[in-house]
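As a plain string of letters, each chain reads:
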Amino acid sequence: YVNGELRTAWGGLYELIPGWWGLDPENPKARLYPVSSADEQGSVAYIDWSDAVSAGARFEDLDGDEVYDPYIDKPPLLGQKSVWTVYNDNGDSTRRWLDTMPLQIEVRQTVSAFDPDGPLADVLIFQVDLRNASPSPIDSARFSIWMDADLGYYADDMMASDTLLNTCYIYNWQDD
C-alpha cells in the first residue's frame, strides 16, 4: 500500500522495464552487466561495471577510497559468473495488473552461477535489493518469485514439487 492505496507490480504484463526509476528503458545503460571469474581489473567487464555502480551496484573497494576504479577495485563475484541489472515498475500503465498505479520501486538484481562441473552446477543464486523511488513509504509490501515455465506447448504443462527433495519440476500431461 502507498498512502493507503493498493499498488502492484507484476512482470508478466510489461510493468517492469529496464533501468532505474525515471531512466528511458532504451538508454544503453539500462542493460545487463555480466562479470566472470576470468575477468580482471581493467577488462571491459570491469570498466562497464562503472555504469552499474552509478546505478547502484556494489563493488569490492580494494583501495578503501569508496570510489569504484575498474583498474583497482572489483565487482563482487559469487561463483563463476554474476550478472547485475536494475529494473523498475514504470512500464505500460495501460495494462497494470489489478489496475493499480506503479509502486515506484527499483529492483537491483544479481544472479550468480557456478562451475558447471562443480557441486553447485545446477544452482543459481538470486540477490535482490528493492529500493523505494517514491517519496511515500510502502506499507505491508509482499515480494515473491513467480515462474512461468513452458515445456513445448504451454497449455499442456504441469508443475509439481517434491518437498522431501526440495525440488520443483515441470512436465507435459499430454504428448508434445
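Before reading on, note that the structure itself is shown above.
Residues numbered from 1 in each chain as written. Predicted model: local features only at pLDDT ≥ 70, side-chain atom pairs only at ≥ 80, totals over all residues. Heavy atoms only, no water.

With that out of the way, let us pick up the overall build of the protein. Tallying secondary structure elements over the protein gives 1 helix and 7 strands in all. Helices and strands appear in the protein in the N-to-C order β-β-α-β-β-β-β-β. In terms of its C-alpha atoms, the protein occupies a principal-axis envelope of roughly 55 × 50 × 30 Å. Classification of the 176 residues of the protein by burial places 27% in the buried group. Put simply, the protein has 11 plus and 31 minus side-chain charges, and the middle of one group is 7 Å from the middle of the other. (Helix = DSSP H or I, 4+ residues; strand = E, 2+ residues; numbered from the N terminus. Buried < 20%, exposed > 50% of the residue type's maximum accessible area, 1.4 Å probe, protein only. Lys, Arg positive; Asp, Glu negative; His and termini not counted. Charge placed at Lys NZ, Arg CZ, Asp CG, Glu CD.)

Residue N3 is not a glycine yet carries a positive backbone phi of 50°. Here N3 lies in the segment before β1 (17-18). One non-glycine residue, Q104, lies in positive phi territory at about 70°. The residue Q104 is located in the loop between β3 (81-88) and β4 (105-113) in this model.

Residues L124, F126, V128, L130, F143 and I145 make up a contiguous nonpolar surface patch of about 610 Å² in total accessible area. Along the chain, V128 turns up in strand β5 (residues 124-132). (Patch = residues over 30% accessible without salt bridge, like charges linked within 9 Å, V, L, I, M, F, W, Y side chains within 5 Å. Areas by Shrake-Rupley, 256 points an atom, 1.4 Å probe, with all protein chains shown as cover. Salt bridge = Lys/Arg side-chain N within 4 Å of Asp/Glu carboxyl O.)

In this section: helix α1 (residues 44-54). Among the residues of α1, those classed as buried are A45, Y46, W49 and A52. Taken around the axis of α1, the buried residues stretch over an arc of 85°, which confines them to a single face. In α1, the exposed residues that point more than 90 degrees away from the buried face are V44 and S54. The inward-facing, buried residues of α1 contact β2 (33-36) and β3. (Arc of directions from axis to C-beta. Contact = heavy atoms within 4.5 Å.)

Right, let's get into the side chain of D89. Looking at the secondary structure, you find D89 in the loop between β3 and β4. Take D89: its relative accessible area is 0%, and that puts it in the buried class. Of note is the side chain of D89, whose polar atom sits 3.0 Å from the backbone nitrogen of Q104. Within the structure, the side chain of D89 is placed 2.9 Å from the backbone nitrogen of I105, a separation counted as a polar contact. (Polar contact = N/O pair within 3.5 Å; in protein donor to acceptor, adjacent residues only side chain to side chain.)

Now for the side chain of T85. Among the structural elements, T85 can be located in strand β3. Within the structure, T85 has its side chain in polar contact with the backbone oxygen of R31 (distance 3.0 Å).

Formed by Y33, V35, A45, Y46, W49, A52, A55, A57, Y68, W84 and V86, the largest nonpolar core amounts to 11 residues. The dominant element in this core, judged by the number of residues it contributes, is α1, at 4 residues. Ignoring any residue separated from it by four or fewer positions in sequence, one finds A45 in contact with P34, V35 and D39. Core analysis: the next-biggest nonpolar cluster, separate from the first, contains 5 residues, V2, Y87, L103 and I105 among them. (Core = buried A, V, L, I, M, F, W, Y, C linked by side-chain atoms within 4.5 Å.)

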